[in-house]
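# Secondary and tertiary structure notes
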Amino acid sequence: MKIAILISGRGSNMERLIAAAGASDFPATVTQVISNRPDAAGIGVARKAGIDTEVIDHKAFDSRAAFDAALDDKLEACGADLVCHAGFMRILTDDFAAKWEGRMVNIHPSLLPAFKGIHVHRQALEAGVTVSGCTVHYISPALDSGPIIAQAAVPVLPTDTEDTLADRILAAEHVLYPAAVRMIATGEVNLVNGRVVRANRPESEHKEGADITCPPLFSPEV
Ligand code: GRF
């Protein structure tokens, strides 16, 4: 399975996916990294790791559809089987999302469906939750709403700031994303009729997301 990773910034999740896929027993290869921002730090990290990189600057396009078409062309050209968003800060057109449905995933730094969109950690602190975490999900046209593949939970401490909570969740993301991509690449996890299912389970046991057990609970570093 060939993986293309889409980034807009630092690329720490991208780096973890590249590292995981570098292991001889990992069932997929990262073949392409694409950024919509020329200044994304992750581009340099990917280049150093020997991965083909491409910048498709969204500012060079006069519509969302035109940008998505260029992105689609590049993904087709590199033969991507799976597209992993890793801090890719773009809203997609419905057509693009629909075309890649079941072959495009994202990691989001909350336990979806709670706290979609931006300022996720601020939302969590303002809501007063005592547990937050991260979610790997298939991408659907609606933002942060696709079928859930895997989640990891972390505690929220009374002393947390947005930064300390973000750091704790990011550590969980770095474990969860490669684990979830491995499950997809082995065929253990699939999207069937809009629902996440695991291989070798009878239809009667298929439940969206809930039967995927990958819930490491991370201890706070205190
Ligand atoms: C991560 O928190 C990810 O969940 C969110 O954006 C952040 C990207 O961080 N979508 P990085 O670029 O992978 O370091």
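Cut-offs and rules
Residues numbered from 1 in each chain as written. Predicted model: local features only at pLDDT ≥ 70, side-chain atom pairs only at ≥ 80, totals over all residues. Heavy atoms only, no water. Pairing = 2+ DSSP bridges. Helix = DSSP H or I, 4+ residues; strand = E, 2+ residues; numbered from the N terminus. Axes fitted to C-alpha atoms, helices over the stretch in contact; angles between N-to-C directions. Contact = heavy atoms within 4.5 Å. Buried < 20%, exposed > 50% of the residue type's maximum accessible area, 1.4 Å probe, protein only.

Below, the discussion takes up the sheet that holds strand β6 (residues 131-138). An order of β3-β2-β1-β4-β5-β6-β7 is seen for the seven strands of this open sheet, with the pairing classed as mixed. Each edge of the open sheet carries a strand with a single partner, namely β3 (52-55) and β7 (148-155). On average, each strand axis in the sheet is tilted by 20 degrees relative to the strand beside it, whichever way the strands run. For strand β4 (residues 82-85) and strand β5 (residues 104-108), the ladder comprises three bridges, and the chain directions are parallel. Paired with Cys-84 across the bridge in β5 is Val-105. Its contacts with the sheet put helix α1 (residues 12-21) on β1 (2-7), β2 (29-35), β4 and β5, and the angle it makes with β2 is roughly 160 degrees. Here helix α3 (residues 64-77) sits on the sheet in contact with β1, β2, β3 and β4, set at roughly 160 degrees to β2.

This brings us to unusual backbone geometry. Cis rather than trans, the peptide bond between Leu-112 and Pro-113 has omega equal to 10 degrees. Notably, Phe-115 is not glycine yet its phi reads approximately 60 degrees, a positive angle. Among the structural elements, Phe-115 can be located in the loop between β5 and α5 (120-127). Of note in the backbone geometry, Asn-193 takes a positive phi value of approximately 50 degrees without being a glycine. Looking at the element boundaries, Asn-193 is found in the loop between β8 (189-192) and β9 (195-198). The exposed category is assigned to Asn-193, whose relative accessible area is 75%.

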